[in-house]
Structure formats: structure tokens, C-alpha cells
Amino acid sequence: MTALTTHVFRLPDLGEGLTEAGLVQWLVAVGDSIVTDQAIAEVETAKSIVELPSPFAGVVTALHGAPGDTIDVGAPVLEVADSAPSSGKDPSTAVEHDAYREEERAGSGNVLIGYGTTARGRSGRRRPRAASGRMPSPSRTETTPETALSETPVPENRAQDARAKGPVAVRSPLVRRLARDLGLDVHAIVPSGHDGAITRADVLAAAVDDAVVGATAQHRDARMSTRMSTGTGTGTGTDTLDGLSVASRERLSPLRRAVSARLTRSRSEIPEATVWVDVDATELWELRSQMAPEGRRAPSITALIARFVLLALDEHPVLASRLSDDASELISFDGVNLGVAADTDRGLLVPVIPRAHELSIEQLDAALRDLTATARSGAMPPERLRGSTFTLNNYGGLGVDGSAAIINHPDVAILGIGRIIERPWVADGQVVARRIAQLSLVFDHRVCDGGYAASFLRRVTELIEHPLRAFGRV
């Protein structure tokens, strides 16, 4: 009698500190036939909205969750059944084999489309699960990355002996690369392949196990706390707080929690100080319209100021450096990765222009426009949201003059630009209308003193007020 194998795809941790993801929308429905690496859903992580591809091929039999739900790492995402009953061969092996062949021909290897992975210091291994009280029906045998080991027992001493014998059987170099990208040691992964080889499912299961160990207790406590506070769990619930009726309770999005954690860390670790100055941007404002190439638009004020900031950082490199984790070393860089704060519907994002010091004003302007549009569309890849060494925040676009900004950790400084508006200004002994803006520099007092920070701000001010002095360097 043939058995129909069902695979359960669980949300993995792919090395970006992912502990959960918000389900934005399903891209497939129950009954659809899918192939390996086909995008099955859009999910929102703490950094971006990405497509989630399935590691299995077959027919979708179940979807876990509705748009708006939060899926924890290790929780089921969807279930996929083999598109045709198997006979003679291990169904999971046949599916894995076909998937690898397709990957080798297509150069696949993606796990989350658009979601970069970084190596982690930890190593993962699959852990045997306790036997469930539910027995599978004769016509349906369920295999998941978590239950595959219990269905194909491998004694622990034999697994240890196999790992100690040197080479490990890995069917595809893509599987080995996946394990390496996830920071997993293939010697610590128990294989489930019929020939003793480590499969793609083994690697994904090890990654899930590695993440679930640290995340399960945390999420269980958080959910219990939420149920208690809303009155949906055990304990006494209430509809009032401090004498006011509670209109609603809304769980923070992954992005909002990530922003909260970063800003909290910045404020708790960095002894920040602020210097600010009013700057006369009239000359720059008037020259800008003359900078437009034939038939093209002029660069933005933000691009021009960004270029002046980069010139000033070349003379004050400490403000584009970092402190080591233990704050015992100052790490200086050959250049600047410029972070640009962007207000989006999802919240504050800081996309990065790598090696911005090498770009001309025209190139900076194009990069800034692209970053802003991409960030506001919600399609910013996570790899473009990290690595800044200095941050620029043009909050003047929000209609305000000044702000006590919070440093974007691990940067050591952030420069804010207020709105440029006409104000009364004394020039040559006369009170005249000039276009004035306020610049504010927030810096880490551990890396420099106020004199150094003020020198940087004066240099930026000089370039804004006398832009032609930078001619030949912009």
C-alpha cells in the first residue's frame, strides 16, 4: 500500500536574529501545486517585507495563519503533500533528490528571497522529539523536519561515531553551502537520507531547532503576559486602566519592536551630547537651481548637504568611527557608509549608502531618491539596512525645525537638518529675510569632546553658507 507523504514547512531562523515574522499575505491557496523554492507567502520581519519560499514541492494541503497573524520561529507555515503517491522509494528522498537536481540546474540555494543571511557563532543539531500520542493513519504518513528523526531512529552513539569518523556525506554542494550560511556544523547534524546523507530538510530542521531552543520560552511567556493583560487567559482581566476605558490593545509590529530595542540600547549605552547651530542656506538655495544639467532636475538639498557632510567627515573621521563591543577600542574606517533616516508607513528605517564618500553629488542624489522610494514601498532588502558609520536625518521634511535625535547604534554620531525657511537675519548690519535652517549634531561623548564636534559642525556650516568654496570637491 502506498502512503501519501505530507511535509510541514516551519518558519526557520536564517541568521538575522529572526524570532518571528508577521504574515502579510498568502501567495498560494490550498489545492495549489507548488515547486521547490516557489514563493508561498509574504512575511514582515523586523527589517523588511520578504517572500518566503517553500523547501518542498507538491500540493498545498493546509495554510497556517491568516494575514496579520504573527508566526513564531519553528511554528508551521504550511503543509505540502506529494503530488503523486510513491512506490518503492522513500517519498521524502525522491522529493529531495528532484529538488536538488532542479537546484543544481537553476543555481538555486535561496531560502528567504531577498533576506540576507550571516554566519552565526552557534552550531545547530537536530534533537529527537518526544513521541506524540497521535498515531498517523495508514493512508497518510506525516514527515516534518522535527519528526523525521523519530520516524527514522538513529542511535545517539552511532551518530556520534559517524561524526567522529571525518567526512560527512552531503548529497549536494548547495546543501553544504546552506549549512555554512546558517552557521551550522554539518558534523553535528544527524542525517536522514536513505544513504546516510545530510539533506536540505536536515539542515533546515537543525536551524529551526537551534532557534526554537532559545525562542520558545520567551514567546510562551510573552503570549501568556498578553493574555493576562487582555483578560483572554487565566487571571482577572480588566477593561479600564487608571480610570479610563481601554479602547484597544495592539501588538507592536516586528519593525516597531526592532526600532524600540535599538533606540533603547542606544540611550542606555551611549553618553550622548548635542551641539546645534543656525545656518544661512540662502546662497546654497539660490545656486541649487543653477546646478541642474541640461534637461534634468537639480540635485536635492539633502544630497548637497550630504556631500558637504562627507567632506567634513574626511577632516573629522572620529565621528564616522565605531567603538568595539567592550568600548575599549576606537575602530576607524577608510571612508563612510552613510545611513539616511527615512520615515515610512511601516516606521523609521535607516537605509545605507555604502562608500558614500566616493560618490559625486549627482550619484548621491540618485542614490538618495532610490533609497527613499524603496524604503517607502516596503521592499527594502535587509542587507541595505545595516552597516552605516554615520547617519543623516532630514527631519525638516516633516515640517519641524529641530530635534534631539537618538544615535543609530552602533554609529557614534547623527546629524539632523531642520526645515529651511525665511527668517529675519542680520547681514551687513541690516535685518533681511534669509533662508535659515538649524543643524543639530548628536555625538557619543566617549569618542570625542565638544570642541571636536563643534569643529565638524562649523565646517559643515561653512560649506552650506559658502558652497562655492567646495567647488572641485563635490
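Structural data are supplied above this passage.
Computed from a predicted structure; not experimentally measured. (Residues numbered from 1 in each chain as written. Predicted model: local features only at pLDDT ≥ 70, side-chain atom pairs only at ≥ 80, totals over all residues. Heavy atoms only, no water.)

1. As for the sheet that holds strand β4 (residues 39-44)
Turning to step 1, where the next piece is worked out: The antiparallel open sheet is built from 4 strands, whose spatial order is β5-β4-β2-β7. Each of the sheet's edge strands pairs with one partner strand only, and the pair in question is β5 (49-53) and β7 (70-72). The sheet shows a mean angle of 45° between the axes of neighbouring strands, taken without regard to direction.
Turning to step 2, where the next piece is worked out: Judged from the 5 bridges that link them, β4 and β5 form a sheet pairing that is antiparallel. The residue bridging Ala39 from the neighbouring strand is Pro53, located in β5. (Pairing = 2+ DSSP bridges. Helix = DSSP H or I, 4+ residues; strand = E, 2+ residues; numbered from the N terminus. Axes fitted to C-alpha atoms, helices over the stretch in contact; angles between N-to-C directions.)

2. Focus on the side chain of Ser440
Turning to step 1, where the next piece is worked out: One can find Ser440 in strand β22 (residues 430-444).
Turning to step 2, where the next piece is worked out: By relative accessible area, which is 4% here, Ser440 ends up buried.
Turning to step 3, where the next piece is worked out: Within the structure, the side chain of Ser440 is placed 2.7 Å from the side chain of Tyr395, a separation counted as a polar contact.
Turning to step 4, where the next piece is worked out: Here Ser440 is in contact with Thr274, Val275, Trp276, Tyr395, Ser403, Ile414, Leu415 and Gly416, once residues within four sequence places are set aside. (Buried < 20%, exposed > 50% of the residue type's maximum accessible area, 1.4 Å probe, protein only. Polar contact = N/O pair within 3.5 Å; in protein donor to acceptor, adjacent residues only side chain to side chain. Contact = heavy atoms within 4.5 Å.)

3. Comments concerning helix α6 (residues 254-269)
Turning to step 1, where the next piece is worked out: For α6, with 16 residues, the first-to-last C-alpha span of 22 Å sits near the 22 Å given by 1.5 Å per residue.
Turning to step 2, where the next piece is worked out: Tucked inside the fold, the buried residues of α6 contact β2 (20-26), β4 and β17 (347-349). (Expected span 1.5 Å × (residues − 1).)

4. Some points on the packing of helix α8 (residues 301-315) against helix α10 (residues 450-465)
Turning to step 1, where the next piece is worked out: Interhelical geometry of α8 versus α10 gives an angle of 140° and a closest axis separation of 9 Å. On the basis of their axis angle, the class for α8 and α10 is oblique. You can see that α8 and α10 cross each other, and the crossing is right-handed. Mapping the contact onto sequence places Ile305, Phe308, Val309, Leu311, Ala312, Leu313 and Glu315 in α8 and Tyr452, Phe456, Arg459, Val460, Leu463 and Ile464 in α10.
Turning to step 2, where the next piece is worked out: Here the residues of the contact of α8 with α10 are counted per class, giving 11 nonpolar, no polar and 2 charged. (Parallel < 35°, antiparallel > 145°, perpendicular 65-115°, else oblique. Left-handed = near helix turned anticlockwise from the far one by under 90°. Nonpolar A, V, L, I, M, F, W, Y, C, P; charged D, E, K, R; others polar.)

5. Here we look at the nonpolar core
Turning to step 1, where the next piece is worked out: Within the largest apolar cluster, 56 residues are counted, with the highest numbers of intra-cluster contacts made by Val309, Leu319, Phe390, Leu441, Phe456 and Ile464.
Turning to step 2, where the next piece is worked out: The biggest single contributor to this core is α8, with 11 residues.
Turning to step 3, where the next piece is worked out: Judged by nonpolar contacts, the second largest core, of 18 residues, contains Leu11, Ala21, Val28 and Leu52. (Core = buried A, V, L, I, M, F, W, Y, C linked by side-chain atoms within 4.5 Å.)

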